[in-house]
Number of protein chains: 2
Amino acid sequence: MVENKTVAIIGGGVIGGGWAARFALNGWKVKVYDPSADSRRTLTATLENARRSLPRLTDASLPAEQAMAFCDSIEQAVVDVSWIQESVPERLEVKHSVYREIQAHAPKDAVLGSSTSGFKPTELQQGAISPEQILVTHPFNPVYLLPLVEVVAGQETTSIIVDRACHILSEMGMKPLKVRKEIDAHIADRFLEAVWREGLWMIKDGIATTEEIDDAIRYGFGLRWGQMGLFETYRVAGGEAGMAHFIAQFGPCLQWPWTKLMDVPELTDDLVRQIADQSDEQSGKHSIRELERIRDDNLVAMMRGLKENNWGAGELLNLHEAQLKKSSTS
Amino acid sequence: MVENKTVAIIGGGVIGGGWAARFALNGWKVKVYDPSADSRRTLTATLENARRSLPRLTDASLPAEQAMAFCDSIEQAVVDVSWIQESVPERLEVKHSVYREIQAHAPKDAVLGSSTSGFKPTELQQGAISPEQILVTHPFNPVYLLPLVEVVAGQETTSIIVDRACHILSEMGMKPLKVRKEIDAHIADRFLEAVWREGLWMIKDGIATTEEIDDAIRYGFGLRWGQMGLFETYRVAGGEAGMAHFIAQFGPCLQWPWTKLMDVPELTDDLVRQIADQSDEQSGKHSIRELERIRDDNLVAMMRGLKENNWGAGELLNLHEAQLKKSSTS
């Protein structure tokens, strides 16, 4: 569908560099514009990281890696491309000014995606020459490995641009998640922010250190979330009785004075029903017993993977294994 | 260190059953007391799940599985054991009454661990015959697979009991995390609750469905958290400039009106310093470049594991691989 596989990367920091690597290793010609003196060095380092890890995710050959060109101007970067990815600092006036320069020279049918985590696409479109080609395509670090991209259309974005963006992202092995409504921070970062804030409190109050908090995550629910996320994990935990039962049992805990973050939605019957119905639609095709086994198989596979790397839960497995071997020979 | 490997499981629901399986598959004799008619069935099912998954986590042989006995009374279950694990409903008066019956018959040097997620150990100790043997040992579902156990001592718990509990948990391949201070919900569940509450809001406001929320987690930050947790992930993301720089750059975002949960600790220089110092202590031994490679290796290993299971990020890899293979032969 996309004939001209050329992308302009505007802003080559951690996120822009990750995008550059993701595109380059998927056979796209990459043109980078970043005014900072350091960007070529960090971008080269990111590309090296990507080269050693991304190909190991698949047994198939990736398309031949394409050259990366560093441009002296936005104009030079954006002419004759089919995707422009903007990852400049999170200041709205900066982004608006960059869009004016991009859109003075870029093809009108190119996707103009923003890596913004904070702004809504309709805010980005304000005062733009061609607001219809602007949308949010928010990735996650490291962009060359993690599949998720939040795709958020603004009021002016055409469905052609949204579809084209999703198609290209899928072609590069990514997971475009169309976000239904524009909200600040989209979806994932709202969770990250809630957890980050809770973590700050714990450190401030001397409840736990960064290491203890990380361990509380990576030896426990982080392993669940890496393969099923939140609601499906609870669906399984609720057992045969299903999501509505789970919420009825655990939902009221939210009204306990557990945290310092206490704005709680009222758990009406409607809300409980809504969650249970959505959960049924999501995975009603599997029995809870099947889901349990899927979950367990995934946890085993992830932990076996970490075991080969001798890291986190995997390091623990190796220590335990050594213990077991020692005690069986003594 | 523990001669008498016999455990009493008081309450055999999802969590108690998971404990029973974890102990049994690690060579402990298990005595279960649960008055509900259904407990034998669910417990047998949990044990079956554990038998098919836990042994695959290690290349060594586990100790020979021991028999599981179902008891007709608490007395019968707790005599002559070295660990009693209480997983009865989360009502304080119920737990107090169960402890009175347990402690009338159990050895004084046994660990009496509670699976409570909501109560502090000092609350559990109120009115107990032997408060010094009571502590919180809070596990995560599925208990037979996930390593994390939050170990929380109450005001009366002896350090001998805490050390014994940690030793036994480690021997069973688990990760005891000693929690420094008693707070409601310990550590991990505070995060789970913050995220759960944010998820409820999103569903209520029609921002995202359960499936979209799960995808936002499991294709993105869930994969990061499963191997590094929160702070170490950000340490890597901050790059060579380190944690203090990362917080200076991203911390202020917390004061934006992003979520409906708005009680934010003030980001004083002291707090920033404290976090940065803790992070240095946690992983200052690795350079950021090393940490990046560790992170990438782990993400690859976990995703390869999920790929074999054709699930989540792994299903996506397979689809992409099939696409790539198809396009290279056409």
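Residues numbered from 1 in each chain as written. Chains lettered and ligands numbered in written order. Predicted model: local features only at pLDDT ≥ 70, side-chain atom pairs only at ≥ 80, totals over all residues. Heavy atoms only, no water.

Moving on, we come to the confidence of the model for chain A. With 87% of its residues at a pLDDT of at least 70, chain A reaches an overall mean of 85. Predicted complex metrics record ipTM = 0.87 and pTM = 0.87. (pLDDT = per-residue confidence, 0-100.)

Okay, the pairing of strand E8 (residues 175-178) of chain A next. All names here are of chain A. With four bridges connecting them, strand E7 (residues 148-153) and E8 associate as parallel partners. Counterpart to valine 151 in the pairing with E8 is lysine 178. Tracing the backbone out of E7, into helix H6 (residues 159-171) and back to the parallel element E8 gives a crossover that is right-handed. (Pairing = 2+ DSSP bridges. Helix = DSSP H or I, 4+ residues; strand = E, 2+ residues; numbered from the N terminus. Right-handed = clockwise from strand over helix to strand, strands pointing away.)

Residues and elements named next belong to chain A. Positionally, leucine 124 belongs in helix H5 (residues 121-125). Leucine 124 sits 11 residues away from leucine 135 along the chain, and the two C-alpha atoms are 8.0 Å apart. Excluding residues within four positions of it along the chain, leucine 124 makes contact with Leu92, Lys95, His96, Tyr99, Ser114, Thr116, Phe119, Ile134 and Val136. (Contact = heavy atoms within 4.5 Å.)

Next up on the list: the pattern of salt bridges. Residues and elements named next belong to chain A. The full count for this structure, using the stated rule, is 28 salt bridges over all chains. Residue lysine 307 pairs with glutamate 321 through a salt bridge whose shortest N-O separation is 3.0 Å. Linking lysine 307 in helix H12 (residues 288-308) with glutamate 321 in helix H13 (residues 313-329), this pair joins segments that are 14 residues apart in sequence. Grouping residues by exposure puts lysine 307 and glutamate 321 together as buried. Within this structure, Glu86, Glu90 and Lys95 form a network of salt bridges that share partners. (Salt bridge = Lys/Arg side-chain N within 4 Å of Asp/Glu carboxyl O. Buried < 20%, exposed > 50% of the residue type's maximum accessible area, 1.4 Å probe, protein only.)

For the pair chain A and chain B, the superposition axis carries a translation of 0.0 Å, the fit reaches an RMSD of 0.0 Å, and the rotation angle comes to 180°. Here the transformation between the copies is reduced to the relation of a two-fold axis. If distances are taken from each C-alpha of chain A to the rotation axis, the shortest is found for methionine 302 of chain A, at 2.0 Å. Mapped onto chain B, 99% of the interface residues of chain A again fall at the interface, so both copies present the same surface. (Least-squares fit on C-alpha atoms with pLDDT ≥ 70 in both.)

For any two aromatic rings, the description comes down to two numbers: the centre-to-centre distance and the angle of the planes. All names here are of chain A. Throughout the structure, instances matching the rule amount to 13 aromatic pairs over all chains. Taking 5.0 Å as the distance between ring centres and 70° as the angle between the ring planes, the aromatic pair formed by phenylalanine 23 and tryptophan 28 counts as edge-to-face. Here phenylalanine 23 falls in the buried class, since its relative accessible area comes to 0%. By way of ring pairs, the aromatic residues Trp19, Phe23, Trp28 and Trp83 are connected into one cluster. (Phe/Tyr/Trp six-rings, centres within 6.5 Å; stacked < 30°, edge-to-face > 60°.)

Residue and element names in this part refer to chain B. Of all five residues that make up strand E1 (residues 6-10), five are buried, and the element is covered over most of its length. Side-chain alternation along E1 places Thr6, Ala8 and Ile10 on one buried face and Val7 and Ile9 on a second face that is also buried. Bridge count between E1 and strand E2 (residues 29-33): five bridges; the pairing is parallel. Bridge pairing in E2 places isoleucine 10 opposite tyrosine 33. Handedness of the E1-helix H1 (residues 14-24)-E2 crossover: right-handed. Here four bridges tie E1 to strand E4 (residues 83-86), and the two strands are oriented parallel to one another. Residue pairing for E4: valine 7 is matched across the bridge by tryptophan 83.

What follows deals with the packing of helix H8 (residues 210-228) of chain A against helix H7 (residues 188-204) of chain B. Relative to each other, H8 of chain A and H7 of chain B sit at 50°, their axes nearing to 9 Å. Relative to H7 of chain B, the element H8 of chain A lies oblique. Two packed elements cross with a definite hand, and for H8 of chain A against H7 of chain B that hand is right-handed. Residue-level contacts link Ile213, Ala216, Phe221, Arg224 and Trp225 of chain A of H8 of chain A to Ala188, Phe191, Leu192 and Val195 of chain B of H7 of chain B. Tallied by class, the residues present in the contact of H8 of chain A with H7 of chain B amount to eight nonpolar, no polar and one charged. (Axes fitted to C-alpha atoms, helices over the stretch in contact; angles between N-to-C directions. Parallel < 35°, antiparallel > 145°, perpendicular 65-115°, else oblique. Left-handed = near helix turned anticlockwise from the far one by under 90°. Nonpolar A, V, L, I, M, F, W, Y, C, P; charged D, E, K, R; others polar.)

Residues and elements named next belong to chain B. The end-to-end C-alpha separation of helix H4 (residues 92-103) is 16 Å, in line with the 16 Å expected for 12 residues at 1.5 Å each. Buried within H4 we find Lys95, His96, Val98, Tyr99, Ile102 and Gln103. Each buried residue of H4 lies within a common arc of 165° when the element is viewed along its axis, so the set occupies one face. Those residues of H4 that are buried lie in contact with E1, helix H3 (74-78), E4, strand E5 (111-114), helix H5 (121-125) and strand E6 (134-139). (Expected span 1.5 Å × (residues − 1). Arc of directions from axis to C-beta.)

For lysine 307 of chain A, a relative accessible area of 8% gives the class buried. Apart from the residues lying within four places of it in its own chain, the contact partners of lysine 307 of chain A are Gly314, Leu317, Asn318 and Glu321 of chain A together with Leu57, Thr58 and Asp59 of chain B.

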